[in-house]
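Structure assessment
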Amino acid sequence: MNTGPKHTSANPSMSGEKLSSKGETPFDLPSPVQQQTDSRRKLWLHRVSLRLCELIVLGAVVFSLVSIFGKREYQLLRSSSNHSVASNQEITYVAVPGFFKQDKSNADPDKIGPAPNRFGLIDSHKHYWSTFEKKISKLNKKSDEDTSYKVLYLARHGEGFHNVGMDYYGEDEWDRKWGRKNGNGTITWGPDAQLTDNGVAQAERVHSLWQRELERGGGIPLPTALYVSPLVRALHTFQITFAGILDSTSEPLIIENLRDSYGLRTADLRHNKTWIREQYPTYKFEDGFTEQDELWMKDERETDEHTEKRVKGVLDKILSTDDTYLAVVAHSKVVEATFNITKHQDFDVPTGGVVPIVLKVVKNKI
């Protein structure tokens, strides 16, 4: 029998030694290396959390910006996708001076007036419209396949109730307070301002001018392509202006981007598509025209730069057709944008005014 000393186990659990009150053993304590590793892991997780927070905030900002500007850009993309210009072409426009008083460098709007005789045509000989039409035809015959000449009868709507309100309060006060309302208790200008009695009379005056010029100078060339803003003051102006002038089958195409600068002012919040169709049942809508006004914003006004950009899209669309004579009834901002794009002489077009423009249209390959 072995009577030597007994050896105890090195493992306390095997030796029967009692554990600490927390049940920890010497092997449960983290080593310095483990502590450093855990610290690094926590620091990494903290940095990841901060980066995720940054990405969430950035995403929220981007989403807000898209919400504000997305609808605008969608309209521009839709306009550009609807016209027939090839993707490898860019169209430029230059107003050709020498035909109308309004395109002279010293043109005086007060002396010329909103709807002058012959629509401002300089030539006053007996067959002035016949001569004019021959000149345009000759320009087109001499042009190459990428160049054409068009005549755009560009009209501003008659006076609306919003024009009266803005003249009374001034533009600053209009944008600060009154333009954001629908009226002042005496007159109503929003939403979608209608023509005043004076505005109706202005449109009737232009209608009479068309009638006279059809009977003079060999007859003014009538537009074969017709376009109008969806705002009621422009629709009503078009209706009055061309009643009995054009063939009954000649109806305008309503184009969203021919509207006035939008946002902030209730006068520029259009009616829905159903209402417009009920009031003007024979008018046509461009493809993609939405039921509700998806562009107008309560607290922000469209910039002039953005207006010009979308008007350029409209010109690309309508001036790519085979029509030589076109008519547009729209708004002051559309008129201004068209002048800028075509380098037309600055000319202040009042409500109910019409400016014919001879345009040189060139398709440039890019």
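Anything mentioned here points back to the structure above.
Residues numbered from 1 in each chain as written. Predicted model: local features only at pLDDT ≥ 70, side-chain atom pairs only at ≥ 80, totals over all residues. Heavy atoms only, no water.

The subject of this paragraph is the overall build of the protein. Along the protein, the regular secondary structure elements total 11 helices and 7 strands. Out of the 366 residues belonging to the protein, those deemed buried represent 43%. Partitioning the contacts of the protein with sequence separation of at least 6, the portion at a separation of at least 24 is 80%. (Helix = DSSP H or I, 4+ residues; strand = E, 2+ residues; numbered from the N terminus. Buried < 20%, exposed > 50% of the residue type's maximum accessible area, 1.4 Å probe, protein only. Contact = heavy atoms within 4.5 Å.)

A word on a nonpolar patch on the surface. On the surface, Trp 44, Leu 45, Val 48, Leu 52 and Leu 55 cluster together into a nonpolar patch covering about 500 Å² of accessible area. Along the chain, the position of Trp 44 falls in helix H2 (residues 32-82). Owing to a relative accessible area of 56%, Trp 44 belongs among the exposed residues under this scheme. (Patch = residues over 30% accessible without salt bridge, like charges linked within 9 Å, V, L, I, M, F, W, Y side chains within 5 Å. Areas by Shrake-Rupley, 256 points an atom, 1.4 Å probe, with all protein chains shown as cover. Salt bridge = Lys/Arg side-chain N within 4 Å of Asp/Glu carboxyl O.)

Ranked by internal contacts, the top residues of the largest apolar core, which has 36 residues, are Phe 119, Trp 129, Phe 132, Trp 210, Phe 242 and Ile 254. If you list the elements that add at least two residues to this core, you get helix H4 (128-142), strand E2 (147-156), helix H7 (197-214), strand E3 (225-228), helix H8 (232-242), strand E6 (325-330) and strand E7 (354-365). In this structure, Trp 129 is in contact with Phe 100, Arg 118, Phe 119, Leu 121, Glu 213, Arg 216, Gly 217, Gly 218, Gly 219, Ile 220 and Pro 221, ignoring residues within four places of it in sequence. Counting residues in hydrophobic clusters, the runner-up holds 31 residues, among them Ala 107, Leu 315, Val 328 and Phe 339. (Core = buried A, V, L, I, M, F, W, Y, C linked by side-chain atoms within 4.5 Å.)

With an omega of -5°, the peptide bond running from Gly 190 to Pro 191 counts as cis. Mapped onto the secondary structure, Pro 191 falls in the loop between helix H6 (171-176) and H7. Even without a glycine there, the phi angle at Asp 192 is positive, about 55°. Examined against the element boundaries, Asp 192 turns out to sit in the loop between H6 and H7. Unlike most non-glycine residues, Lys 343 shows phi in positive territory, near 60°. Its location among the elements puts Lys 343 in the loop between helix H11 (332-342) and E7.

Let us now look at helix H5 (residues 161-169). Those residues of H5 that fall on the buried side of the exposure criterion are His 162, Asn 163 and Gly 165. The arc that holds every buried residue of H5, seen down its axis, measures 165°, which confines them to one face. Exposed residues on H5 whose side chains face more than 90 degrees from its buried face are Asp 167 and Tyr 168. Of the surrounding elements, those touching the buried residues of H5 are E2, H6 and H8. Gly 170 sits one or two positions beyond H5 and adopts a positive phi of about 90°. (Arc of directions from axis to C-beta.)

Before going further, it helps to examine the pairing of E7. For strand E1 (residues 89-95) and E7, the ladder comprises 7 bridges, and the chain directions are antiparallel. By the bridge assignment for E7, Glu 90 is matched with Asn 364. Examined bridge by bridge, E2 and E7 share 9 bridges and lie antiparallel to one another. The residue bridging Tyr 153 from the neighbouring strand is Pro 356, located in E7. (Pairing = 2+ DSSP bridges.)

Interhelical geometry of helix H10 (residues 304-318) versus H11 gives an angle of 75° and a closest axis separation of 9 Å. By the angle between their directions, the pair H10 and H11 is classed as roughly perpendicular. Of the residues in H11, those touching H10 at Asp 304, Thr 307, Glu 308, Val 311, Lys 312 and Leu 315 are Lys 333, Val 334, Ala 337, Thr 338, Asn 340 and Ile 341. In terms of residue class, the contact of H10 with H11 is built from 5 nonpolar, 3 polar and 4 charged. (Axes fitted to C-alpha atoms, helices over the stretch in contact; angles between N-to-C directions. Parallel < 35°, antiparallel > 145°, perpendicular 65-115°, else oblique. Nonpolar A, V, L, I, M, F, W, Y, C, P; charged D, E, K, R; others polar.)

Enumeration over the complete set of coordinates arrives at 15 aromatic pairs. When the centroid spacing of 5.7 Å and the interplanar angle of 80° are considered together, the rings of Phe 99 and Phe 132 count as edge-to-face. Of this pair, Phe 99 sits in the loop between E1 and helix H3 (109-112) while Phe 132 sits in helix H4, and the two are 33 residues apart along the sequence. Judged on exposure class, the residue Phe 99 and its partner Phe 132 are both buried. Ring geometry for Phe 119 versus Tyr 153: centroids 6.5 Å apart, planes at 50°, classification tilted. Pair noted here: Phe 119 is in the loop between H3 and H4 and Tyr 153 is in strand E2, with a separation of 34 residues, a long-range link. The same class applies to Phe 119 as to Tyr 153, namely buried. Against the face of Tyr 128 rests Arg 118, its NZ or CZ located 5.9 Å from the ring centre. Between Lys 273 and the ring centre of Phe 285, over which it is positioned, the NZ or CZ distance is 5.1 Å. (Phe/Tyr/Trp six-rings, centres within 6.5 Å; stacked < 30°, edge-to-face > 60°. Lys NZ or Arg CZ within 6 Å of the ring centre and 35° of its normal.)

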